[in-house]
Amino acid sequence: MKHIFLLTLIIFFCQIAQAQKPSIYGVVTDKSTGELLPGATVWVNGSNVGTSTNKYGFYSLRLHQGSHTIQYSFIGFDPQSETLVLKKDTTINIELTKSIIQVGEISVSAKKKDRVNPVEMSTQTLEINTIKSIPAMMGEADVLKSLQFLPGIQTTNEGTTNLSIRGGSFDQNLILLDEAPVYNASHALGFFSTFNPDAIQSVKVYKAAYPLEYGGRISSVIDVRMKEGNNKKLSGSGGVGLISSRLMLEGPIKKDTASFMISGRYSYAGFTANSLGSLGKELNFGTLKNFNNNNEINFFDLNAKFNYKLNDRNHLFFSTYAGHDHFYYYDINNKSELNWGNLTGTLRWNHIFSSKLFSNTTMVFSNYRYAYILLDDAMHFSWSSNLKEADLKVHFDYFLNPDNHFRFGVAFENHFYAPGFIEPRGDYSIITPFSLDDKRALIVAAYFENDQLITDKLRIDYGLRYVTFFQLGAEKVYHYSENFERLDSAFYSHNEIVQFYQGLEPRISLRYLINDNNSIKASFTRSKQYQHLVSNSSVGMPTDVWLPADSYIKPQSSNQYALGYFSNLFENQIEFSAEIYYKDMFNLIDYKDNADLFLNNNIETQVLSGKGKSFGLELFFRKDVGRFTGWVSYTLSKTSRKIEGINNNEWYPARYDHRHNLSLIMKYDFNDYWSFSSVFKYTSGGNITVPEGTFNFQGVAFQYYTARNGYLLPAYHRQDIAFTYKPHRHEHNNWKGEWNFGVYNVYDRKNVFAAFVKQGGNLTQYSAKKMYLYGIIPYVSYNIKF
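Everything numeric in this text was worked out from a predicted model, so none of it was measured.

Participant: Explain the overall build of the chain to me, and be specific about the residues and the numbers.
Facilitator: When its secondary structure is counted, the chain shows 4 helices and 51 strands. The C-alpha atoms of the chain give 27 Å as radius of gyration, which agrees with the globular expectation for 786 residues (28 Å, within 12%). In terms of overall dimensions, the chain has C-alpha extents of about 95 × 70 × 45 Å along its principal axes. Relative to its 786 residues, the chain shows a buried fraction of 54%. For the chain, the accessible surface area stands at approximately 34800 Å², while carbon and sulfur atoms represent 57% of it. Each charge class in the chain was averaged separately, 77 positive and 73 negative side chains, and the resulting centres sit 5 Å apart.

Below, the structure is given as structure tokens:
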């Protein structure tokens, strides 16, 4: 023990001594817009010493005194070199110039982001230009739907934005917009995501081994970053399509010091559906013969961001998002309508303490509100609910030396739950006002992490997150017998602790570099989730209820193991990766048979908890250079659950358990004006619970069920294509137009959206039904930049 302690002290003091070297530090930005460039590479020519900018564009590199040539690079930008004689800590802020790529010769090339050398694995980043190049329904580029074409990621239901990532349910994904949580990231029941592509800079998804600053979900982190605003000149973009129109403006408030970005999008999807449906009805076309054109589907998004550079050491950012949906579609449900929306706000302060220490302080607010309105004449009522969250987070980056990058911080989260309030709409309603009990929770977390280079080949990222969870009063807690018969109750006053949980979340990743083009990576991730989504739908309805962990419903947790091989092929033109993973999940909840979930003040009596497991293989090929670009993604996986009291206590598949998942994405640039893109998607059928039959009792038919999720739906597959035309632009004209012509679901595949049993004309008749949402859909859209 003494020898180990002595060795630790020697290593520590050696690192401290090394830390006395002078540093170069600063930020890397886009020269044309002034926006920060996270993940830019900073390297010392002729050595293996280097680093990359953090997610706020800051870097720090400690070097020996003397002459050095530093190279800065970032994907899509021309590399830039700086030569200096280093004697003391020196600030170097770098502006990189975007690469000008001519499409006319076979030698088209571009710098690729290296996925072999970094320690992180199970992550994918999509830039907004890549997202916009993927064919999408009605020409609407969609941030979340684009992710489903990556390995390990799939939708939980046809045509929706709800994602299942490595066997998790969609509520187990932490979706962040400029660090603010978004609890329902969908429009029109999930057919579109809430993220206006014109306002977004990039999206990064972590499927495992995510940084320890993130917590609260057990499946993934989806980090969406808004544009910061051009601080060089006024510019904008927009577009007009069949279901929405949008406009974005950005520019300097004070050049090189302050800027703004504001964008808006409005959808008239209901008007388009009514118009096309009425036309099909007039033409006596197929399933549109009996079309009802009284549909109301619309939504809007507003994004805004402001940033102000106080000086070289202090930078302020403020961003906000507001969105709202109204949904009524006769063929889905003509007796109710839905309204929901999100409001988020983020205030962020970046501060450079010294050449080694950087901090980011963030205050965020999120408000998710939703309502269900029953249009029945007698029971005409409105059910509303909301969920609020207010957080404070302080994060530090400490660059001890080129071999050690420490990250640590604290976070405070306040959660407020109003699960439901029902009130009559009109004097003729027979409903009396009723509300579920409000709930509140406080989460306090602290974390520490180090990215350490052990040898030239071995790098390890390791750390620990400690979380405390407090369920707070005022609240009445009921006590039950073993059969959940109510016995008595206890009342907890305001701010009194109702339930307390705590937990450690260790995470470790390592990378072994075989050579410059090949590496092996492994990781272990433990995560905990202190809130649940109570739902019996794979679609993700606005009426689903979020609830905190309590005395009966314990926090969810998971342990995930991953191993991967990463390679750059053909002189870095193609990247390849293969990953296998295994994930154990605990305290998952599922509803009992015949559960009553709607407006139930004792939801704990309607759900059961148990465990789950998921494992799989992910393969990924990607080509980002040349005329022909794209990727191939394949996932082989299995996800199952075992919950006492469900399915005879045996393992059963999750609704979103899809054995095979294949995506083929390609783009071909014919010349500077025309390009072609295509998507092919194949997914094995999901699993649902349906009646196996009916039995008659006293003249009335009753349904009976067998295994939970025992019915396998047909496989899902479709192909989309699109042609993009960019007209020739005069060199003195700042207006850039772009036409997009496409076809969604080219071969008119009828993919199942929902399967259900419908009662016939009398109480003894039932029939099985399948609902299909989309056939072949041609579209055209026009986009502009100026």
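Participant: Which residues make up the environment of serine 435, and what values go with them?
Facilitator: Within the secondary structure layout, serine 435 lies in strand β27 (residues 434-435). For serine 435, a relative accessible area of 38% puts it in the partly exposed group. As for serine 435 and glycine 152, which are separated by 283 residues in sequence, their C-alpha atoms are 40 Å apart. Excluding residues that lie within four positions of it along the chain, serine 435 makes contacts with Gly420 and Phe421.

Participant: Could you give an account of the pairing of strand β20 (residues 258-267), naming the residues involved and the relevant values?
Facilitator: Burial of β20 is extensive: 8 of the 10 residues sit out of reach of the surface. Bridging between strand β19 (residues 244-254) and β20 involves 10 bridges; their strand directions are antiparallel. Bridging across to β20, leucine 249 finds its partner in isoleucine 262. Bridge analysis of β20 against strand β21 (residues 296-311) gives 10 bridges, and the strand direction is antiparallel. Within the sheet, the bridge partner assigned to serine 267 lies in β21 and is phenylalanine 299.

Participant: Describe in detail the pattern of salt bridges, supporting the description with residues and values.
Facilitator: Counted by the stated rule, this structure contains 29 salt bridges. For aspartate 256, the salt bridge is made with lysine 232, and the minimal N-O distance between the two is 2.7 Å. Taken together, the residues span a long stretch of sequence, with aspartate 256 in the loop between β19 and β20 and lysine 232 in the loop between β17 (220-226) and β18 (235-240) at a distance of 24 residues. Exposure remark for aspartate 256: the relative accessible area of 38% places this residue in the partly exposed category. Of the charged contacts, one joins glutamate 449 and arginine 407 as a salt bridge, the two residues approaching to 3.2 Å between their closest N and O atoms. Linking glutamate 449 in strand β28 (residues 439-453) with arginine 407 in strand β26 (residues 404-424), this pair joins segments that are 42 residues apart in sequence. An identical accessibility class is assigned to glutamate 449 and arginine 407; each is buried. Linked by salt bridges that have partners in common, Arg166, Lys207, Glu579 and Glu618 make up one network.

Participant: Tell me about the nonpolar core, and name the residues and values.
Facilitator: Ranked by size, the top nonpolar core spans 53 residues in total, and within it Phe327 and Trp383 carry the most contacts. Core analysis: the next-biggest nonpolar cluster, separate from the first, contains 31 residues, Leu126, Ile153, Phe195 and Val203 among them.

Participant: Explain the side chain of asparagine 647 residue by residue, including any values.
Facilitator: With respect to the element layout, asparagine 647 can be found in the loop between β39 (628-643) and β40 (652-653). Ignoring any residue separated from it by four or fewer positions in sequence, one finds asparagine 647 in contact with Tyr652, Ala707 and Arg708.

Participant: Describe the domain arrangement of the chain, listing the residues and the values that go with them.
Facilitator: One can read the domain layout of the chain as domain 1 (21-96) and domain 2 (123-785). One C-alpha centre belongs to domain 1, the other to domain 2, and the line joining them spans 35 Å. In this assembly, 21 residues from domain 1 lie in contact with 29 residues from domain 2. Buried surface at the junction of domain 1 and domain 2, both sides included, amounts to about 2200 Å², of which 50% is carbon and sulfur. Of all residues in domain 1, Glu35, Tyr56 and Arg62 give up the largest surface area on contact with domain 2, accounting jointly for 30% of the area buried on that side. Viewed at the interface, domain 2 and domain 1 are joined by 2 salt bridges. A salt bridge links lysine 55 to glutamate 213, with the nearest nitrogen and oxygen atoms 2.7 Å apart. Taken together, domain 1 and domain 2 are joined by 13 residue pairs in polar contact (both at pLDDT 80 or more). When contributions to the side of domain 1 that touches domain 2 are tallied by element, the ones reaching two or more residues are β1 (23-30) and β4 (58-62).

Participant: Before we move on, can you summarise the packing of aromatic side chains with the specific residues and values?
Facilitator: Geometrically, a pair of aromatic rings is defined through the distance of the ring centres and the angle of the planes. Applying the stated criterion across every chain, the model contains 33 aromatic pairs. Arranged with centres 5.5 Å apart and planes meeting at 35°, the rings of phenylalanine 406 and phenylalanine 448 form a pair that is tilted. Taken together, the residues phenylalanine 406 in strand β26 and phenylalanine 448 in strand β28 connect sequence positions 42 residues apart. A relative accessible area of 17% means that phenylalanine 406 is categorised as buried. Looking at phenylalanine 448, the relative accessible area reads 40%, which means it is partly exposed. Aromatic rings pair up to connect Tyr25, Tyr56, Phe58, Phe358 and Phe399 into one cluster. Across the ring face of phenylalanine 192, the terminal group of lysine 145 is positioned such that the distance to the ring centre comes to 5.7 Å. For the cation-ring pair, lysine 521 lies above phenylalanine 566, with the distance from its terminal atom to the ring centre recorded as 4.4 Å.

Basis of the calculations
- Residues numbered from 1 in each chain as written.
- Predicted model: local features only at pLDDT ≥ 70, side-chain atom pairs only at ≥ 80, totals over all residues.
- Heavy atoms only, no water.
- Helix = DSSP H or I, 4+ residues; strand = E, 2+ residues; numbered from the N terminus.
- Rg over C-alpha atoms; globule rule 2.2 N^0.38 Å.
- Buried < 20%, exposed > 50% of the residue type's maximum accessible area, 1.4 Å probe, protein only.
- Areas by Shrake-Rupley, 256 points an atom, 1.4 Å probe, with all protein chains shown as cover.
- Lys, Arg positive; Asp, Glu negative; His and termini not counted.
- Charge placed at Lys NZ, Arg CZ, Asp CG, Glu CD.
- Contact = heavy atoms within 4.5 Å.
- Pairing = 2+ DSSP bridges.
- Salt bridge = Lys/Arg side-chain N within 4 Å of Asp/Glu carboxyl O.
- Core = buried A, V, L, I, M, F, W, Y, C linked by side-chain atoms within 4.5 Å.
- Domains from an automatic or database assignment.
- Buried area = accessible area lost by both parts, 1.4 Å probe.
- Polar contact = N/O pair within 3.5 Å; in protein donor to acceptor, adjacent residues only side chain to side chain.
- Phe/Tyr/Trp six-rings, centres within 6.5 Å; stacked < 30°, edge-to-face > 60°.
- Lys NZ or Arg CZ within 6 Å of the ring centre and 35° of its normal.

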